[in-house]
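# Examination of the molecular architecture
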Amino acid sequence: MGDLIGSVVDSELYYIPQPEFGRVRSLNGAREDVVALYADMARLNALYMIARAGSGHIGSSFSALDILSRLYIAEMAGDDLFFSSKGHDAPGLYAVLIGLGRLPEDKLHVLRRLNGLPGHPDVSIDGLATNTGSLGMGISKAKGMLMADQLAGRRRRIFVMTGDGELQEGQIWESLLSVPKAIAGRLTVVVDHNKFQSDFSVERTSSLGDLVAKFAAFGWHVVRADGHDPQALAKTFAELSAIDDKPKVFIADTVKGKGVSFMEGTSIDSDVEMFRYHSGAPKADEYRRAVEEIEARLSRLAAAAGAGAIAVRRTDRPAVVPMPAESVRLFPAYTEALLAAAGRHPELIALDADLSLDMGLLPFKEKYPERFVECGIAEQDMVSRAGGMALAGALPVVHSFSCFLSTRPNEQIFNNATERTRIVYVGGLSGVLPAGPGHSHQSVREISAVGGIPNLVMAEPCCPEEVGPLLDWCLAYDGPSFLRLASIPFVTAAKLPAGYVPKLGTGVTLRSGAEAAIVTSGLVGVAQALAAAELLAGAGRSVGVVHLPWLNRVDADWIAGLAAEVPALITLDNHFRAGGQGQYVLAALAAANVARMPRCLQIGLEDVPPCGRNDEVLREIGLDAAGLAARIGRFLDGAQAPR
């Protein structure tokens with residue numbers, strides 16, 4: 001995924017106003033010239049949106065924009081529908097829809113902001129048909145839509161765009177098998193074959209082989225052509241339109257980052273080099289250079305189309321909230337701890353699902369290349385491979401974002417657990433932050449997803465100093481474990497006591513309090529609890545904070561002892577309340593048969609979290625320090641019934 005957090009470009013920004021797109025669409029010039037011009041106009045606006053937001057997917061948006069522009073202004077008619085299965089082209093798709101007037105122009109300025117445009121497609125936005133982000137679902141959804149259309153007597157065409165890295169997901173190949181004949185001719189899949197995925201080339205990560213032969217073997221009509229050439233696009237879609245007895249796939253040979261020379265995948269010298277513009281925002285000088293390239297080409301294309309000069313608006317850079325210098329990150333500590341563990345455990349193997357940069361694995365890969373396994377976007381295969389390794393005596397450590405690792409291979413994790421082998425699962429991007437990518441990447445359900453698997457222990461550190469001890473505990477544990485890690489830098493006042501050693505099911509008091517104790521875990525949860533306790537102290541309240549690193553294990557004697565110390569117990573989950581750590585804590589408390597039951601309040605997410613800037617979203621869902629302090633204060637005053 002690259003840098004999902006990013007920073008806002010520190011320079012003036014440029015965009016093309018919506019009326020200019022309407023003017024260009026109405027030109028009488030050759031349609032191919034109009035499409036090429038429209039696509040580059042959308043590139044400038046997609047770049048603007050990403051630069052303003054401080055994050056987004058440049059490479060995938062740019063590789064798809066010529067195809068998107070052709071579809072929307074020259075191919076689709078009536079009720080025809082397009083949606084993206086890969087989701088990473090969202091800024092490009094938004095730019096096209098804003099140009100068409102299907103979304104208001106002011107949405108250009110609110111990518112990845114609260115009540116703005118989500119980082120990945122969401123049905124809450126006009127013109128978007130499905131929620132995407134987790135890969136591999138699109139073709140199946142299109143089949144379902146067309147089957148419902150058939151039943152209702154509708155006859156529209158559906159175009160679905162997938163990524164080439166997305167083809168590593170098993171559901172893609174399941175979805176190719178069973179396309180009912182009655183709907184086959186109305187389904188067209190476009191593969192944005194830009195040759196790169198999150199970190200490295202598709203070929204290097206997990207080769208796709210002969211795609212034309214593979215799709216044809218499933219009975220699909222296959223066309224392969226240049227995905228950027230206007231004439232080739234016109235010819236390809238004309239050919240596909242004439243096929244009405246088979247599902248169709250257009251393998252579009254594209255260039256990731258197309259339209260800005262130094263961002264293009266073809267500018268990389270070898271497939272050993274990492275693609276740097278998958279996600280995140282360009283630096284200020286890169287943004288200016290990119291704008292200059294696009295504007296120069298716009299001038300040439302506008303002249304060829306007879307459009308005259310394209311009006312471009314300049315806007316001052318948005319206010320930048322600097323990252324506090326005292327922010328800490330967990331993943332540098334994780335990288336260091338994993339390298340140290342590998343030195344002690346020659347049987348340790350690290351497995352990755354196309355996220356080696358984000359999961360801090362590049363140093364491990366460099367030092368232990370023979371013990372690093374890149375599995376690509378194929379979590380189920382990765383987890384079952386790890387199961388086989390464990391059965392054969394290895395110590396596998398399995399990596400992906402928590403939102404994918406806890407859910408996609410859930411049955412495989414359970415199967416491995418029934419074999420009672422030792423496997424460590426490490427989930428990054430855990431919790432509601434970063435909020436910019438949207439709910440597909442906000443991992444707030446993994447405790448409920450895997451916490452009930454027999455013998456599996458889940459843990460989450462509150463600070464960099466705890467990462468190593470918890471990883472070592474997991475590696476020594478005789479069974480499966482899941483280490484949940486926040487990926488964002490965050491300010492925390494958490495300080496572990498000297499000589500701290502993790503003990504299963506027990507927590508550590510980080511701040512004492514006479515009126516209540518907040519039991520929580522993790523970098524964000526503990527930081528917010530400590531900050532809330534400080535605000536409450538300013539109001540004359542004495543509230544303690546207890547860090548319980550164990551997400552699904554609570555020692556009965558420990559919780560009974562804690563309950564005896566305070567009249568009120570508050571659990572705080574950076575997770576859905578239902579199925580979160582708080583439920584394990586309160587269940588253990590109920591089972592402990594304590595002499596005096598404290599008043600209890602359980603806090604966690606109640607609904608799908610919104611997309612937005614981190615501070616906006618924490619405030620919106622009430623997990624910011626001020627919101628927590630207010631809610632806890634009301635509870636202690638007796639104004640809020642315990643949950």
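Residues numbered from 1 in each chain as written. Predicted model: local features only at pLDDT ≥ 70, side-chain atom pairs only at ≥ 80, totals over all residues. Heavy atoms only, no water.

## Details of the overall build of the protein chain
Stated formally: Every helix listed is a DSSP run of H or I at least four residues long, and every strand listed is a run of E at least two residues long, numbered separately from the N terminus. The size measure is the radius of gyration over C-alpha atoms, and the globule rule it meets is 2.2 Å times the number of residues to the 0.38 power. Exposed residues in this analysis have more than 50% of their type's maximum accessible area, buried residues have under 20%, and partly exposed residues fall in between, with area computed by a 1.4 Å probe over protein chains only. Contact criterion: two residues are considered in contact whenever any of their non-hydrogen atoms come within 4.5 Å of each other. Using the Shrake-Rupley algorithm and a 1.4 Å probe, accessible areas are obtained, with residue cover drawn only from the displayed protein chains. Neither His nor the chain ends contribute to the count of charged residues, in which Lys and Arg are positive and Asp and Glu negative. Positions of charges follow a simple convention, taking NZ of Lys, CZ of Arg, CG of Asp or CD of Glu.
When helices and strands are tallied, the protein chain shows 23 helices and 18 strands. Radius of gyration (C-alpha) of the protein chain: 26 Å, near the 26 Å computed for a compact globule of 643 residues. Viewed in the frame of its principal axes, the protein chain has a C-alpha envelope of about 80 × 55 × 55 Å. Counting the 643 residues in the protein chain, one finds 62% classified as buried. For the protein chain, the share of sequence-separated contacts (at least 6 apart) that also reach a separation of at least 24 residues comes to 80%. Summing over all exposed atoms, the protein chain offers an accessible surface of approximately 23100 Å²; the carbon and sulfur share of this is 51%. In the protein chain, which carries 61 positive and 73 negative side-chain charges, the distance between the mean positions of the two groups comes to 3 Å.

## Description of the sheet that holds strand S15 (residues 516-520)
So the rule is basically this: Whether two strands pair depends on DSSP finding at least two bridges between them. Every angle, taken between N-to-C directions, lies between 0 and 180 degrees, and every axis is a line fitted to C-alpha atoms, over only the stretch in contact when it is a helix.
Strand order across the open sheet formed by five strands is S14-S16-S15-S17-S18, with mixed pairing between neighbours. Whereas interior strands pair on both sides, the edge strands pair on one side only; in this sheet they are strand S14 (508-511) and strand S18 (599-605). Strand-to-strand twist of the sheet, defined as the mean angle between neighbouring strand axes without regard to direction, takes the value 25 degrees. The pairing of S15 with strand S17 (residues 568-576) spans three bridges and is parallel. What sits directly across from Ile518, in S17, is Ile570. Its contacts with the sheet put helix H21 (residues 581-591) on S15, S17 and S18, and the angle it makes with S17 is roughly 145 degrees.

## As for the pattern of salt bridges
Once the charged atoms of two side chains with opposite charge are near each other, the side chains can pair. Where we set the bar: Each salt bridge in this description consists of a side-chain nitrogen of Lys or Arg and a carboxyl oxygen of Asp or Glu lying within 4 Å of one another.
By the definition in use, this model includes 27 salt bridges. A salt bridge links Asp80 to Arg157; the shortest N-O distance between them is 2.7 Å. Remark: Arg157 occurs in the loop between helix H5 (138-152) and strand S3 (158-163) and Asp80 occurs in the loop between helix H3 (58-75) and strand S2 (81-84); sequence separation between them is 77 residues. The class for Asp80 is buried, based on a relative accessible area of 17%. Using a relative accessible area of 24% as the deciding quantity, one classes Arg157 as partly exposed. For the salt bridge of Glu606 with Arg577, the shortest nitrogen-to-oxygen distance reads 2.7 Å. Note that Glu606 is positioned in the loop between S18 and helix H22 (614-620) and Arg577 in the loop between S17 and H21, a separation of 29 residues in sequence. We classify Glu606 as partly exposed; its relative accessible area is 47%. Shared partners join several salt bridges into a network, and the residues in it are Asp40, Arg43, Asp66 and Arg297.

## Focus on the domain arrangement of the protein chain
Condition: Here the bounds of each domain stem from an automatic or database domain assignment. Throughout, the accessible surface (probe 1.4 Å) given up by two parts as they are put together, summed over both, is called the buried area. Charged means Asp, Glu, Lys or Arg here, nonpolar means Ala, Val, Leu, Ile, Met, Phe, Trp, Tyr, Cys or Pro, and polar covers whatever is left, Gly included.
Along its sequence, the protein chain is organised into domain 1 (12-266 + 281-316), domain 2 (327-491) and domain 3 (508-637). Taken together, the contacts link 35 residues of domain 2 with 32 residues of domain 3. In total, domain 2 and domain 3 occlude about 2600 Å² of area from one another, counting both sides; carbon and sulfur atoms represent 67% of this. In this structure, the connection of domain 2 to domain 3 is made through zero salt bridges. For the side of domain 2 that touches domain 3, the secondary structure elements donating two or more residues are helix H17 (446-450), strand S12 (457-459) and helix H18 (464-476). Of the residues belonging to the side of domain 2 that touches domain 3, the class tally is 20 nonpolar, 10 polar and five charged.

## Details of the confidence of the model for the protein chain
Low pLDDT marks regions whose predicted coordinates should not be analysed in detail. Rules: Each residue carries a pLDDT value, the predictor's own confidence for that position, ranging from 0 to 100.
Of all residues in the protein chain, 97% attain a pLDDT of 70 or more, and the chain-wide mean is 94. For residues 1-6, every residue scores under 50 in pLDDT, and the model assigns this stretch 30 contacts once sequence neighbours within four places are set aside.

## Overview of the environment of Gln528
Looking at the secondary structure, you find Gln528 in helix H19 (residues 523-538). Residue classification places Gln528 among the buried positions, given a relative accessible area of 10%. Sequence spacing of Gln528 and Leu628 is 100 residues, and the spatial spacing of their C-alpha atoms is 8.0 Å. Setting aside residues up to four positions removed in sequence, Gln528 forms contacts with Phe490, Leu618, Leu623, Asp624, Ala625 and Leu628.

## Some words on the environment of Glu460
Note the following rule: Throughout this description, a polar contact denotes any pair of N or O atoms lying within 3.5 Å of each other; where both atoms belong to protein, one of them has to be capable of donating a hydrogen while the other can accept it, and for residues adjacent in sequence the pair is counted only when both atoms sit in side chains.
Examined against the element boundaries, Glu460 turns out to sit in the loop between S12 and H18. Between the C-alpha atoms of Glu460 and Gly144, which are 316 residues apart in sequence, the distance is 39 Å. In contact with Glu460, other than residues within four places in its own chain, are Glu466, Leu470, Arg484, Ser521, Gly522, Leu523, His547, Pro549 and Leu551. Here Arg484 takes part through its side chain, which lies 3.0 Å from a polar atom of the side chain of Glu460.

## Things to note about the packing of aromatic side chains
The cut-off we apply is this: Stacked, tilted and edge-to-face are the three classes assigned to paired rings of Phe, Tyr and Trp, where Trp is represented by its six-membered ring and a pair needs centres within 6.5 Å; plane angles under 30 degrees give stacked, over 60 edge-to-face, the rest tilted. Only when the NZ atom of a Lys or the CZ atom of an Arg is both within 6 Å of the ring centre and within 35 degrees of the ring normal do we say a charge sits over the ring.
A complete count under the given rule lists 16 aromatic pairs for this structure. Each ring, one from Phe196 and one from Phe275, has its centre 5.5 Å from the other, and the planes form 35 degrees; the classification is tilted. Separated by 79 residues along the polypeptide, Phe196 in the loop between strand S4 (187-193) and helix H8 (202-206) and Phe275 in the loop between strand S6 (248-253) and helix H11 (284-305) bring together distant segments of the chain. You can call Phe196 buried: its relative accessible area is 11%. Ring centres of Phe215 and Trp220 lie 6.5 Å apart, and the angle between their planes is 65 degrees; this geometry places the pair in the edge-to-face category. Using a relative accessible area of 1% as the deciding quantity, one classes Phe215 as buried. Linked through ring pairs, Trp173, Phe215, Phe218 and Trp220 together constitute an aromatic cluster. Its end group placed over the ring of Tyr368, Arg371 keeps NZ or CZ at 4.4 Å from the ring centre. Lying over the aromatic face of Phe635, Arg599 brings its terminal NZ or CZ to 4.2 Å of the ring centre.

## As for the UniProt feature "domain: Transketolase-like pyrimidine-binding" (unreviewed entry) in the protein chain
To keep it simple, the criterion reads: UniProt positions are given in the numbering used here, feature names are shortened, and annotations may be inferred rather than shown by experiment.
According to UniProt, the feature "domain: Transketolase-like pyrimidine-binding" (unreviewed entry) maps to residues 328-493 in the numbering used here. Overall, residues 328-493 shows 39% helix and 16% strand. The separation of its end C-alpha atoms is 10 Å.

## Let's talk about the sheet that holds S6
The strand order across the open sheet built from five strands is S2-S3-S4-S6-S5, with neighbouring strands paired in parallel fashion. Each having just a single partner strand, S2 and strand S5 (221-226) make up the two edges of the open sheet. Between one strand axis and the next, the sheet turns by 20 degrees as a mean value, whatever way the strands run.

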